[in-house]
Amino acid sequence: MFHLDLHKLLGSLVYNPKDPLLFNSGFFLCFFFAFLLFYQFVYKRKLTRVLLFTVFSLYFFYKACGFYFLFIILSAIVDFNLSNWIDQASSQSRKKLLLIFSITINLGLLFYFKYTDFFIGMINDWSGGDIKPLKLILPIGISFYTFENLSYTIDVYRGHFKPVKSFWDYCFFLSFFPKLVMGPIVRAADFIPQIRKEIHVSKEDIALGLYLIVGGLFKKVIISDYIYVNYVDYIFSDPTRHSGIECLLGIYGYALVIYCDFSGYSDMAIGMARWMGFSIPTNFDSPYQSTSITEFWRRWHISLSSWLRDYLYIPLGGNRKGKVRQYVNLFTTMLLGGLWHGASWNFILWGGMHGTALALDKMRMELFGKVKKVRSRAYLFLQKGLGLIITFHFVCFCWIFFKAGTFENAKVILHQLFYNFNAQAFLPLVQNYRTVFGVMLLGLIIHFLPKKLELGTQKLLAVLPLAGRILILLVIVWLVIQVKTAEQVMPIYLQF
């Protein structure tokens, strides 16, 4: 006989730090379908639609990180008012003062939670002190909504965007749950005009949304989580126990893990937004197909790289103050971009390496881009092939420091690669981990699929009847349940 455990049901509705709400959790499926059910009745009523989104988004954030969801409300209150005051300010000096206050509040909050213990550790190391770390819990999504707040007030200050007059519209923009946890970083100028428009979801929107949700779920759980739990985590947790060939394949595996994890979440966010009648920007564009590091950063985490360009690189001077200054600006931007990813010297080094590579790539284009010669197709094919291989391996080399956690672990991995490679272990390793490497190969094949095939799949989904689309979604959900481990796997990108 069916028995409803009311206590357990109510317990599932409150925040559990051991089981935060994520896109690939069973609770999220119930949450999302409940939202869509209510949404069907209110999507034509603009104010009710805004309130429904805001309430569900704030509850989603509460389930993801507990009472830290109050910070997003505080951020919305502060920046909503500051942006309107900036717009109404009678003098440029007053506008600038209000903007500085907004930047200080936003970065101060981010700094307090993300970097306080890092700088306490630095002070202790340099001075021999014994200041106890605060051991603060980083609110999920704070890096993303902080950057969204900053871009909003800066755009208002620059006169690029008129601030909204409705607080609920701004709260909706900031807390929109599909992009809240892991982005993309959405610009107010792109999103806010959509809030009050008439909602129209076409067959193409449904097809594209389904393609992105199913593909994102597949990348996140079936590829990323599986490779991470069954191979990559073993390698990076104790690299001393593994030979160089094992470490090398672990690095390749991590390159796939972080891409499939992060882009999978972004794809699901974009797909869910499409189903609701909203458009948010693409965040990844097959980055490992890049033939240069400059191209890589045009394809990887596009919303972040464009944000850094518009709000950091260009204000620093961009390429307007000479070549040397341009290279310094690139290096500085990427250095700070590395620090944005996490409070660790490893992330700073990672950003510095990418900044140096970008500057060198700009030099290369300056030196060789001006030499115009007739080149054969074979030469261009070889050039692109070498560029792809070099770029991919440079990115993988940098991932070592990004993932290793400490310089000591990174040094151990490099030592194993150069002094304990043991190529003879390759065949036994593949035999023992054939399923893992099969999934890695599948991930690479999916990543290098031509765009035409993606568009063809979307068109096929557009003409499928509703029952066919539901069946596809159910099959993927079933696969996720089969592959998903008993232990909840946190997003790789949120473990820093």
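Structural data are supplied above this passage.
Residues numbered from 1 in each chain as written. Predicted model: local features only at pLDDT ≥ 70, side-chain atom pairs only at ≥ 80, totals over all residues. Heavy atoms only, no water.

Participant: Sorry if this is basic, but what is going on with the overall build of the chain here?
Facilitator: When its secondary structure is counted, the chain shows 20 helices and zero strands. Within the chain, the fraction of its 496 residues that count as buried is 51%. In the chain, once contacts between residues fewer than 6 apart in sequence are set aside, the share between residues at least 24 apart is 76%. For the chain, the accessible surface area stands at approximately 24700 Å², while carbon and sulfur atoms represent 67% of it. (Helix = DSSP H or I, 4+ residues; strand = E, 2+ residues; numbered from the N terminus. Buried < 20%, exposed > 50% of the residue type's maximum accessible area, 1.4 Å probe, protein only. Contact = heavy atoms within 4.5 Å. Areas by Shrake-Rupley, 256 points an atom, 1.4 Å probe, with all protein chains shown as cover.)

Participant: How do you make sense of the packing of helix α6 (residues 142-158) against helix α7 (residues 167-175) when you look at a structure like this?
Facilitator: Describing two packed helices takes the angle between their axes plus the distance from one axis to the other. The interhelical angle for the contact between α6 and α7, taken along N-to-C directions, is 135°, at an axis separation of 10 Å. With respect to α7, the element α6 is oriented oblique. From α6, Tyr145, Glu148, Asn149 and Tyr152 reach across to α7, where they touch Tyr170, Phe173 and Leu174. Tallied by class, the residues present in the contact of α6 with α7 amount to five nonpolar, one polar and one charged. (Axes fitted to C-alpha atoms, helices over the stretch in contact; angles between N-to-C directions. Parallel < 35°, antiparallel > 145°, perpendicular 65-115°, else oblique. Nonpolar A, V, L, I, M, F, W, Y, C, P; charged D, E, K, R; others polar.)

Participant: Would you mind showing me how to read the nonpolar core here?
Facilitator: By size, the foremost hydrophobic cluster in this structure holds 141 residues, and its most contacted members are Met276, Phe278, Tyr288 and Trp399. It is helix α10 (residues 244-275) that contributes the most residues to this core, 19 residues altogether. (Core = buried A, V, L, I, M, F, W, Y, C linked by side-chain atoms within 4.5 Å.)

Participant: Even after reading the chapter, I still don't get the environment of Met353, so can you show me in this structure?
Facilitator: Residue placement: Met353 occurs in helix α14 (residues 345-368). For Met353 and Phe394, which are 41 residues apart along the polypeptide, the C-alpha to C-alpha distance reads 9.4 Å. With residues near it in sequence (within four places) discarded, Met353 still touches Phe394, Phe397, Cys398 and Phe401.

Participant: Is there a simple way to think about the packing of α10 against helix α18 (residues 434-447) in this case?
Facilitator: Viewed as axis vectors pointing N to C, α10 and α18 meet at an angle of 50°, and their least axial separation amounts to 11 Å. With respect to α18, the element α10 is oriented oblique. Once α10 is placed against α18, the crossing between them reads as left-handed. Packed against α10, whose contacting residues are Leu249, Tyr252, Gly253, Leu256 and Tyr259, the element α18 presents Phe437, Met440, Gly443, Leu444 and His447 at the interface. Grouping the amino acids of the contact of α10 with α18 by side-chain chemistry returns seven nonpolar, three polar and no charged. (Left-handed = near helix turned anticlockwise from the far one by under 90°.)

Participant: What is the right way to look at the side chain of Ser175 in this model?
Facilitator: When you line up the elements, Ser175 lands in helix α7. Using a relative accessible area of 0% as the deciding quantity, one classes Ser175 as buried. The contact partners of Ser175, leaving out residues within four places of it in the chain, are Thr54, Ser57, Leu58, Ile72 and Leu180.

Participant: When you look at helix α3 (residues 46-65) in this model, what are you seeing that I'm missing?
Facilitator: Note that an α-helix has 3.6 residues per turn; residues three or four places apart therefore point the same way. In this model, α3 (20 residues) spans 29 Å end to end at C-alpha, consistent with the 28 Å of a helix rising 1.5 Å per residue. Among the 20 residues that make up α3, 14 are buried, leaving the element largely enclosed by the rest of the structure. (Expected span 1.5 Å × (residues − 1).)

Participant: Is there a simple way to think about a nonpolar patch on the surface in this case?
Facilitator: Judged by side-chain polarity, Trp126, Trp345, Leu349 and Phe407 come together as a nonpolar surface patch covering roughly 460 Å² of accessible area. Structurally, Trp126 is set in helix α5 (residues 92-127). A residue is classified by how much of its surface remains accessible, and Trp126, at 66% relative accessible area, is exposed. (Patch = residues over 30% accessible without salt bridge, like charges linked within 9 Å, V, L, I, M, F, W, Y side chains within 5 Å. Salt bridge = Lys/Arg side-chain N within 4 Å of Asp/Glu carboxyl O.)

Participant: What should I look at first to understand unusual backbone geometry in this one?
Facilitator: Most peptide bonds take the trans form, and the phi angle of most residues other than glycine is negative. Its identity as a non-glycine residue notwithstanding, Ser286 has a phi of 45°, on the positive side. Mapped onto the secondary structure, Ser286 falls in the loop between α10 and α11 (293-299). The phi angle at His301 is positive, at roughly 40°, despite the residue not being glycine. Within the secondary structure layout, His301 lies in the loop between α11 and α12 (302-313).

Participant: Looking at this model, I keep getting lost on the packing of aromatic side chains. Mind explaining?
Facilitator: Two numbers describe a pair of aromatic rings. These are the distance of the centres and the angle of the planes. Scanning the entire structure with this criterion turns up 75 aromatic pairs. Look at Phe67 and Phe69: their rings are 6.4 Å apart centre to centre, the planes differ by 40°, and that puts the pair in the tilted class. A residue is classified by how much of its surface remains accessible, and Phe69, at 15% relative accessible area, is buried. Relative to Trp300, the ring of Tyr288 lies with its centre 6.2 Å away and its plane at 40°, an arrangement referred to as tilted. Of this pair, Tyr288 sits in the loop between α10 and α11 while Trp300 sits in the loop between α11 and α12, and the two are 12 residues apart along the sequence. This pair shows no difference in class: Tyr288 is buried, exactly as Trp300 is. Sitting over the ring of Phe27, Lys63 keeps its end group 4.4 Å from the ring centre. (Phe/Tyr/Trp six-rings, centres within 6.5 Å; stacked < 30°, edge-to-face > 60°. Lys NZ or Arg CZ within 6 Å of the ring centre and 35° of its normal.)

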